[in-house]
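A structural walkthrough
This is what each chain is made of:
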Amino acid sequence: MVEDIDRKNHDEPALFALLNAARLGGGTVLLTSRLPAGALDVKLPDLRSRLRAATAVELRAPDESLLVGVIMKVAADRQIELDPRVVEFALPRMERSFEAASDFVRRLDQASLAGKLRIGRSLAQRILEEMALETNRAS
């Protein structure tokens, strides 16, 4: 695996050799980039050709139904009965990532246990506000 081939100054001959070794040996190389292969500034023509011929997969943020499933699964794993209305309330107000979904449920659980509170909309709102504050501080 070679990460961020669009942002780091990689040794092009070494990267080309890696791709050839994987191809000849029946292996696989995972490359990550925020840019498509055709938009990469690659000087070595053979490497540019290999990158353009590679199978590309675009990863996007999870959609709403997937996030609902993730939240409900994480809640079930923690043995929390989560009202779907709490999830409906939270989704438009939270970051659309698996990490945020998991963090949201973890925080709900911890706050509920610590304060002996029912997990409802008001607790969800408090947790979401805390998460937003932390995100704003980190920016």
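Summarised in this report is the structure supplied together with it. A quick note: this is a predicted structure, and the numbers were derived from the prediction, not measured. (Residues numbered from 1 in each chain as written. Predicted model: local features only at pLDDT ≥ 70, side-chain atom pairs only at ≥ 80, totals over all residues. Heavy atoms only, no water.)

1. Here we look at the nonpolar core
For clarity, the threshold we go by: By convention a nonpolar core is built from buried Ala, Val, Leu, Ile, Met, Phe, Trp, Tyr and Cys residues, the set being connected through side-chain atoms within 4.5 Å. Burial classes follow relative accessibility: with a 1.4 Å probe on protein chains only, a residue under 20% of its type's maximum area counts as buried, one over 50% as exposed, and anything between as partly exposed. Put simply, DSSP marks the helices as runs of H or I at least four residues long and the strands as runs of E at least two long, and each gets a number from the N terminus on. What makes two residues a contact is simply this: any of their non-hydrogen atoms within 4.5 Å.
Of all hydrophobic cores here, the largest spans 25 residues; its most connected members are Ile71, Leu82, Met94, Phe104, Val105, Leu108 and Ile127. Elements that contribute at least two residues to this core include exactly α3 (64-77), α4 (84-90), α5 (98-115) and α6 (121-138). Broken down by element, this core gets its largest block of residues, six residues, from α5. The residues contacting leucine 108, other than those within four sequence positions of it, are Leu82, Ile119, Leu123, Ala124 and Ile127. Listed in part, the nine residues of the second largest apolar core include Leu15, Leu19, Val42 and Leu47.

2. A look at the pattern of salt bridges
Basically, it comes down to this: What makes a salt bridge here is a side-chain nitrogen of Lys or Arg within 4 Å of a carboxyl oxygen of Asp or Glu, nothing more.
Taken as a whole and assessed by the stated rule, the structure comprises twelve salt bridges. Where aspartate 4 meets arginine 7, a salt bridge forms, and the shortest distance between an N and an O atom there is 2.6 Å. Beyond isolated ion pairs, a larger network of salt bridges with shared partners links Asp4, Asp6, Arg7 and Lys8.

3. So, the packing of helix α1 (residues 12-25) against helix α2 (residues 45-53)
In plain terms, the rule: Here an angle of 0 to 180 degrees is reported between the N-to-C directions of two axes, which are lines fitted to C-alpha atoms, with helices fitted over the stretch in contact. Should an angle fall under 35 degrees it is taken as roughly parallel, and over 145 as roughly antiparallel, whereas 65 to 115 is taken as roughly perpendicular and any remaining angle as oblique. Each crossing is labelled by how the near helix is turned from the far one, with a counterclockwise turn of less than a right angle marking it left-handed and a clockwise turn marking it right-handed. Residue classes follow a fixed rule: Ala, Val, Leu, Ile, Met, Phe, Trp, Tyr, Cys and Pro count as nonpolar, while Asp, Glu, Lys and Arg count as charged, and any other residue, Gly among them, counts as polar.
Remark: α1 packs on α2, axes separated minimally by 9 Å, with the N-to-C direction vectors making an angle of 50 degrees. As judged from the angle between their axes, α1 and α2 are oblique. The chirality of how α1 crosses α2 is left-handed. Contacts between α1 and α2 pair Glu12, Leu15, Phe16, Leu19, Asn20 and Arg23 from the former with Asp46, Leu47, Arg50 and Leu51 from the latter. Residue composition of the contact of α1 with α2, by class: five nonpolar, one polar and four charged.

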